[in-house]
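# Survey of secondary and tertiary structure
Chain residues, written in single-letter form:
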Amino acid sequence: PELTYAWIFNEYPTFVHQDNRRFVSQETGNLYIAKVEASDVGNYTCVVTNTVTNSRVLGPPTPLILRNDGVMGEYEPKIEVQFPETVPSAKGTTVKLECFALGK
């Protein structure tokens, strides 16, 4: 891909590392965090890199705040899937399909 996405947590050079709770979509650039914890609180800045020109653009910082008032909001369960009808691939290659379940 010509564009790659990463997220800075609070200040450079602390990047968000993907694990079982954090995921950065290389399709949309979105950052997903499951089961938000106090350690996730801070500012997140998206970094978009053009791999052809090797140039970077940073978005504005977005704060993540953990609410203590018990008001979380209710979201009906929703599954976001944006699979193409067909996914051509060469034998032996890995294909990654993104699917997200959101809500409570």
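Residues numbered from 1 in each chain as written. Predicted model: local features only at pLDDT ≥ 70, side-chain atom pairs only at ≥ 80, totals over all residues. Heavy atoms only, no water.

In the nomenclature of an unreviewed UniProt entry, the protein chain corresponds to CNTN4 protein from the organism Ciccaba nigrolineata. For the record of the protein chain, the UniProt heading Subcellular location (unreviewed entry) holds the text "Cell membrane". (UniProt positions renumbered as here; feature names shortened; annotations may be inferred.)

If you walk through the whole model with that rule in mind, you get two aromatic pairs. Ring centres 5.8 Å apart and planes at 85° place the aromatic pair Y12 and F15 in the edge-to-face group. Y12 gets classed as exposed once you look at its relative accessible area, which sits at 57%. (Phe/Tyr/Trp six-rings, centres within 6.5 Å; stacked < 30°, edge-to-face > 60°. Buried < 20%, exposed > 50% of the residue type's maximum accessible area, 1.4 Å probe, protein only.)

This part takes up a nonpolar patch on the surface. On the surface, a cluster of nonpolar side chains totalling about 390 Å² of accessible area is made up of V81, F83, V87, V95 and L97. Mapped onto the elements, V81 comes out in strand β7 (residues 78-81). (Patch = residues over 30% accessible without salt bridge, like charges linked within 9 Å, V, L, I, M, F, W, Y side chains within 5 Å. Areas by Shrake-Rupley, 256 points an atom, 1.4 Å probe, with all protein chains shown as cover. Salt bridge = Lys/Arg side-chain N within 4 Å of Asp/Glu carboxyl O. Helix = DSSP H or I, 4+ residues; strand = E, 2+ residues; numbered from the N terminus.)

Looking at chain direction, strand β1 (residues 3-9) and strand β4 (residues 42-50) are connected through seven bridges and run antiparallel. Following the sheet pairing, I8 is matched in β4 by T45. Across three bridges, β4 lies against strand β6 (residues 62-64) in antiparallel orientation. Pairing of Y44 across the sheet is with T62, part of β6. Two strands pair when backbone bridges link them, and β4 and strand β5 (residues 55-58) are joined in this way by four bridges, in the antiparallel orientation. Residue pairing for β5: V48 is matched across the bridge by V57. Taken together, β4 and the strand that follows it, β5, pair antiparallel across an intervening segment of four residues, in which N54 is found at a positive phi of about 55°. (Pairing = 2+ DSSP bridges.)

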